[in-house]
Amino acid sequence: MKKSHLSFIFLFLLPTAEALSKQEQELNIYSFRQQEIIAPVVSAFEQQTGIRVNVVHGKSHYLLSRLAEDGVRSHADVLLTSDLAQLNHAHDLLQPFEYFEQLTELNPDLYDQQRYWVSVSIRGRALFSSADTRLPIPQSFSQLSKPMYQGQFCIRDWQHSYNTTLIRTLKATQNADDIAWLQSKDSLLAKRPSGGDRDQLKALAQGKCQFAFANHYYFEMLKASDNKKDQKVTSQLTLHWLKTSQGSTPVSTTTVAITRHSPNVESANRFVQFLLTETTQQTYAESLFEFPVIHSKQGQFTQQYSPFIPALDLIKPALLFK
């Protein structure tokens, strides 16, 4: 993979202390998420605070390796992940963020008690069927062991974090019925895994399979697209929530953390707090189509896909499994 490089602009001959202060207002983010997804949030933070944000996008394993190699020389302040599991072995690369009032609005399952990370949005790993699906819609993961579902699914690479998090979450239930199908999971495939979640939904609409797994917000992104072909795809599909033996649905979370050697710790803490404001959480819900974490303590989730009971209590236990 070709390395990315942070781009900095150095200003010389600053005439006042005020100008010098403004120059120092900077934030450098290593993002494991796609630019198009986080752009609305980053832009809003810059406009509200006046802090210039530099973002480096890349695969989690590459950016974490780079962070470790750079050590105290690193310019990175914040890690913005697409999945909490990506930080599972990165504790030594992080520092705690400051306590702030918004944490009282979060379910304790959504942040580290030592404040090394906090989840900022929630996504469900959904099941989709199409208008041409003729098989009965499975209601639980335990039903995936039935012979009728063999060769009927479009699923991206099992090694992708969205799928590994799903598998870890099911193992965390410690119920044999939830994981029995994993012993022969490849038998579910209607085709060789390729592409991302959007590709699985498009393949389902094209009749290449009877069902597909995808994070729910990709469905909403296609629905909101200006591309009529994308809109047509979603018009042919229906979303379902598969349940565990506990009656809940596995979820993943996007997560933010401050790097151990952050050169702009104050700006980093402001960014963490900004992500958990009511306005930013509304952006996650309305622009990114993800479930907000604020008020999750009371279980106040968007009910557009009712019934949806997120397995928040399995988020941390899932990190213990492979």
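Parameters and conventions
Residues numbered from 1 in each chain as written. Predicted model: local features only at pLDDT ≥ 70, side-chain atom pairs only at ≥ 80, totals over all residues. Heavy atoms only, no water. UniProt positions renumbered as here; feature names shortened; annotations may be inferred. Buried < 20%, exposed > 50% of the residue type's maximum accessible area, 1.4 Å probe, protein only. Helix = DSSP H or I, 4+ residues; strand = E, 2+ residues; numbered from the N terminus. Pairing = 2+ DSSP bridges. Contact = heavy atoms within 4.5 Å. Polar contact = N/O pair within 3.5 Å; in protein donor to acceptor, adjacent residues only side chain to side chain.

- The name an unreviewed UniProt entry gives the protein chain is Iron-binding protein FbpA, with Pseudoalteromonas ulvae as the organism.
- As its UniProt record puts it under Sequence similarities (unreviewed entry), the protein chain is described as follows: "Belongs to the bacterial solute-binding protein 1 family."

### Examining the pairing of strand 5 (residues 118–130)
Step number 1: For strand 5, a buried count of 13 out of 13 residues is recorded, marking the element as mostly surrounded by other parts of the structure.
Step number 2: With six bridges joining them, strand 5 and strand 9 (residues 251–259) adopt antiparallel strand pairing. Note that in strand 9 the partner of Val118 across the bridge is Val256.
Step number 3: Where strand 5 meets strand 10 (residues 291–292), two bridges bridge the pair, whose relative direction is antiparallel.

### Overview of unusual backbone geometry
Step number 1: In the Ramachandran plot, Arg115 falls in the positive-phi region, its phi being about 65 degrees despite a non-glycine side chain.
Step number 2: Considering the arrangement of structural elements, one finds Arg115 in the loop between strand 4 (94–95) and strand 5.
Step number 3: Its relative accessible area of 27% is what places Arg115 among the partly exposed residues.

### Topic: the UniProt feature "binding site: Fe cation" (unreviewed entry) in the protein chain
Step number 1: The UniProt record annotates "binding site: Fe cation" (unreviewed entry) at Tyr217 and Tyr218.
Step number 2: Mapped onto the elements of the fold, Tyr217 is located in helix 7 (residues 216–224).
Step number 3: By relative accessible area, Tyr217 is classed as buried at 0%.
Step number 4: Tyr217 has contacts with Arg33, Ile37, Arg123, Tyr162, Leu288, Phe289 and Glu290, leaving out every residue within four places of it along the chain.
Step number 5: As for its placement among the helices and strands, Tyr218 is situated in helix 7.
Step number 6: Here Tyr218 falls in the buried class, since its relative accessible area comes to 5%.
Step number 7: Filtering out sequence-adjacent residues up to four positions away, Tyr218 remains in contact with Tyr162, Asp197, Arg198 and Leu201.
Step number 8: Among the polar contacts listed, one links the side chain of Tyr218 to the side chain of Tyr162, at a separation of 3.3 Å.

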